[in-house]
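# Architecture at a glance
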Amino acid sequence: MADDFSGRYGDLLTGSYDCVDRMVLNAYYPMGSSSGGFRVWWRRLIGGSDAEADAVLDNTHLMRLAGRFARRVRAWAADNAVPVIDCTAGERKHLIAEEYLRTHSVGPGVFMVLVSKAPAMIWDVRRSADGTVIGNLARKRTYVNHYSFHIMDRQWGHLTIKMAGHAPFGAQVILNGHEYVAVAAQAAGIGFVKEGNCFTGTTDPAGLAQIADTLSHDAAAGRLGQVINRWIYTACLIFGLDLADQRRTCFTYAYPVYQAEYSRNLLFAYGGHMDRVFNAMLDRTRSRLDIPALRTLFGARRRPGKYGTHPSPRVGVVLETPAWDLTVFKVHFGLLTLKGYTKGARVLRFEAITHNTRQLGCGRALERFPQIVAQLAGMCQRFCTALDCVDIGFIPDGTLDQLPLPAQLGASRVGGIDVNKPRIRAALAAVLALAASPSGFTVADMTAKVHAMTGQTHATYNTRQAAYDLRKLRGKQLVGKTARTRRYYLPGPAARTISALLTIRDHVIAPILAGVQIRRHDHVPTRLTPIDQDYEHLRTDMARLFSHLGIQPGPAAA
């Protein structure tokens, strides 16, 4: 799917590809999620009569089951020369695995086990005083040992299954779509350069994009289920329940999708071009989208340009020294995140992330994975288009004359828009800042954004005023409304118009009117940025024009 940003700078690109990035799926045993179901499973596991099984259903026997899991893991790892590392709080476990892969050659199967404590839901059994009757069987959230099995798969590359050692053995499966694409591209004979979870170069951009696109097809859910089933029962759960116990108790996992990431990667021909394009876009859109700060990691090297290197403006703070500069542009909307950042020497990446798929409202079951990916792809496309629309403004002919006039919205007549009024400018700025919202915005969202950007309170700007301002904007087609909902969105042409209106009012007209009051003897800095030079030329030209028209500027404010 094309977007306005990619289309605008298409001549500078050598290729692009869209890919599903990090995927996190929860694995849980449905019957073990309820007290009655867990009790049935326990009776199947123990065997014998129900009374005999219930007699040994207590916290002691459950802890013994967890202890057996731990002993079996460590014994198997010792027999197969697989390292087991106990991690402390705060350690980045994926970095440990990546470092191990850089220094060791591993084959298919489990190549490392990392042990750490993490919260999990376990069953707490309360019995009567004499221990003969189960008084209560309730779920309890507590910290227990989790075992992260790092696995090398022939089709998916490196994946991780993190499993709790306590029954009913809940787990998380972590995969990365770039690992799958790398293995498939290598099998297809496509050359590539991979940096982390990103392809920074390839001999066949179209072929690589075609392989990456397979993860967006309906068959991707089946592939995910296959790779998880291939390992979770025989390489992880087997330490708690052997294959006979799994068959006897009918232990089968369900896999809801918990988190997912989708990225659009633009491969520029020259890194210097990418630097200038991205940094110029950040400078212009940062204030318009109400981004308080950008994070920049300053690199030890400059990206190469076509005719050497050119310095580029950077916003942020120095945190570390990677190979290349890394500027992260991030916008949060609840549990959804939209990001833009540079990767490697010449890759510009835009990401759509759902930290909890529940917010997408399309279901979480594995069978819904194609719908989840489709929503993330749409979010990523709209984000790129919104950035381009906010960045590049345009005012159609006649707009300035039509804005102050009344408009008709359905059967109602609404007032016009006067950009000189602070309230309408605040409303326009708030709507523009919400342009990248993945699912639109509500009146309450707009009110909160006006408060955040202007410092006003509910006493001076409330939801009733925001609703009326939105009606006026809708009357001028500057805001759209999703059918049969109370959510609004900002169309691309409207974003360009609002961006141009605010820029002309705040960054052209206001500075020029203030600048013509400066006298010739006033101090002018010896070093001026390109924008300062533009303002200085405008100031002198406008002062000359006012003199020819016989307009005398008023006295400067004290």
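Look a little higher up for the structure.
The structure reproduced in this document is the subject of the present report.

The rules we used
Residues numbered from 1 in each chain as written. Predicted model: local features only at pLDDT ≥ 70, side-chain atom pairs only at ≥ 80, totals over all residues. Heavy atoms only, no water. Disulfide = S-S within 2.5 Å. Helix = DSSP H or I, 4+ residues; strand = E, 2+ residues; numbered from the N terminus. Buried < 20%, exposed > 50% of the residue type's maximum accessible area, 1.4 Å probe, protein only. Salt bridge = Lys/Arg side-chain N within 4 Å of Asp/Glu carboxyl O. Contact = heavy atoms within 4.5 Å.

## Things to note about the state of the cysteines
For the structure on display, the rule yields zero disulfides. There is no disulfide at Cys380, and the cysteine sulfur nearest it, in Cys384, is 4.7 Å away.

## Focus: unusual backbone geometry
In this model, Ala167 is joined to Pro168 through a cis peptide bond whose omega is 10°. Structurally, Pro168 is set in the loop between strand 5 (157-164) and strand 6 (171-176). Although it is not a glycine, Gln477 adopts a positive phi angle of roughly 55°. Residue placement: Gln477 occurs in the loop between helix 15 (463-475) and strand 16 (480-481). Classification of Gln477 as exposed rests on a relative accessible area of 59%.

## Digging into the pattern of salt bridges
Scanning the model with the defined rule gives 20 salt bridges in all. With a closest N to O distance of 2.8 Å, Asp54 and Arg43 form a salt bridge. In this pair, Asp54 sits in helix 3 (residues 50-55) while Arg43 sits in helix 2 (residues 35-46), placing the two residues eleven residues apart along the sequence. Residue Asp54 is classed as buried on the basis of its relative accessible area, which comes to 11%. Of the charged contacts in the structure, one is a salt bridge between Arg423 and Asp469, with a shortest N-O distance of 3.1 Å. In this pair, Arg423 is assigned in helix 13 (residues 422-433) and Asp469 in helix 15, connecting sequence segments 46 residues apart. On the accessibility criterion, Arg423 (35% relative accessible area) is partly exposed. Judged by its relative accessible area of 1%, Asp469 is buried. Connected via shared salt-bridge partners are Asp4, Arg8, Asp388 and Arg496.

## Comments concerning the environment of Leu338
With respect to the helices and strands, Leu338 occurs in strand 12 (residues 336-343). Using a relative accessible area of 0% as the deciding quantity, one classes Leu338 as buried. Between the alpha carbons of Leu338 and Leu501 there is a distance of 25 Å; along the sequence they are 163 residues apart. Apart from residues lying up to four places away in sequence, Leu338 is in contact with Phe329, Lys330, Val331, Phe333, Glu351, Ala352, Met379, Phe383, Ala436 and Pro438.

## Some remarks on the side chain of Lys339
Note that Lys339 resides in strand 12. Residues within four places of Lys339 in sequence aside, it is in contact with Val328, Phe329, Lys330, Arg349, Phe350, Glu351, Ile353 and Phe383.

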